[in-house]
Amino acid sequence: MKYGLFLSLLLLFSCSKPNDAVPTANGLVGVWRLTTYCKPAGGSTCTLTTVPAGKNVFVFFGNDGKFNETYENTKPVEYSFLGCGSGNYSIEGNKVRIRALCMSSLNGQLYDIVSISTNQFVMNPFGAGDYLFVRK
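Chains are numbered independently. Their residues run from 1 in the order of the written sequence. Owing to the predicted nature of the model, reporting of local features is limited to residues with pLDDT of at least 70; listing and counting of side-chain atom pairs is limited to 80 or more, with chain, interface and lining totals taken over all residues. Hydrogens are left out, water is left out, and the side-chain values use all remaining heavy atoms of the structure.

Right, let's get into the environment of Ile 98. Its location among the elements puts Ile 98 in strand 6 (residues 95-100). C-alpha of Ile 98 to C-alpha of Gly 65: the two residues are 33 residues apart in sequence and 9.6 Å apart in space. Residue contacts for Ile 98: discarding those within four places in its chain leaves Phe 61, Phe 67, Phe 81, Leu 82, Asn 88, Tyr 89, Met 103, Gly 108, Gln 109 and Tyr 111. Counting from the N terminus, the helices are DSSP H or I runs at least four residues long and the strands are E runs at least two residues long. Any two residues having at least one pair of non-hydrogen atoms within 4.5 Å are treated as being in contact.

For the rest of this paragraph, the subject is the environment of Asn 124. Relative to the assigned elements, Asn 124 resides in strand 8 (residues 120-124). Linking Asn 124 and Asp 112, residues 12 residues apart in sequence, is a C-alpha distance of 5.2 Å. Ignoring any residue separated from it by four or fewer positions in sequence, one finds Asn 124 in contact with Asp 112, Val 114, Gly 129 and Asp 130. Here a polar contact means two N or O atoms within 3.5 Å. Within protein one must be a hydrogen donor candidate and the other an acceptor candidate, and residues neighboring in sequence count only if both atoms are side-chain atoms. Separated by 3.5 Å, the side chain of Asn 124 and the backbone oxygen of Gly 129 make a polar contact.

So, about unusual backbone geometry. Phi is positive for Asn 73, close to 60 degrees, though the residue is something other than glycine. You can see Asn 73 is positioned in the loop between strand 4 (66-72) and helix 3 (76-79).

To continue, consider the pairing of strand 4. As paired strands, strand 3 (residues 56-61) and strand 4 are joined by six bridges and run antiparallel to one another. Across the sheet, Phe 60 pairs through a bridge with Asn 68, a residue of strand 4. Strand pairing is assigned whenever DSSP identifies at least 2 bridges connecting the two strands. Joining the antiparallel neighbours strand 3 and strand 4 is a turn of four residues, in which Gly 65 adopts a positive phi near 85 degrees. As paired elements, strand 4 and strand 5 (residues 87-92) share two bridges and run antiparallel to each other. Looking at the pairing, Phe 67 lines up with Gly 87 of strand 5.

By themselves, these are just geometric observations and shouldn't be taken as functional.
Next comes the structure, spelled out in structure tokens:
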């Protein structure tokens, strides 16, 4: 009886699938390029926006907890995620807490991570639509 219970538990735990939506710091580490986002349009609505070719917004998450947002051929006001450059981050469950220079609170802001995989990172920072990043 004991062996049957042990074997059943072993099979149950060995067959579970990992949840891609639960990030780890190592899975987020790297440089990500924003490709599309849903620009908030008031309330719970948003307008799907594609970052045009030749214009880039990059976010960097370092192994050491450093965060940075940089821009190429564009201004932060046009396609930025935060629009304020560097800071640090931490993973908290299915969320990432970003503390950047422009934020008024030392606690930063907590953002929902929708999913993360080897090449794609999707977050919902403002509750009105997803931001899609691809690994650079």
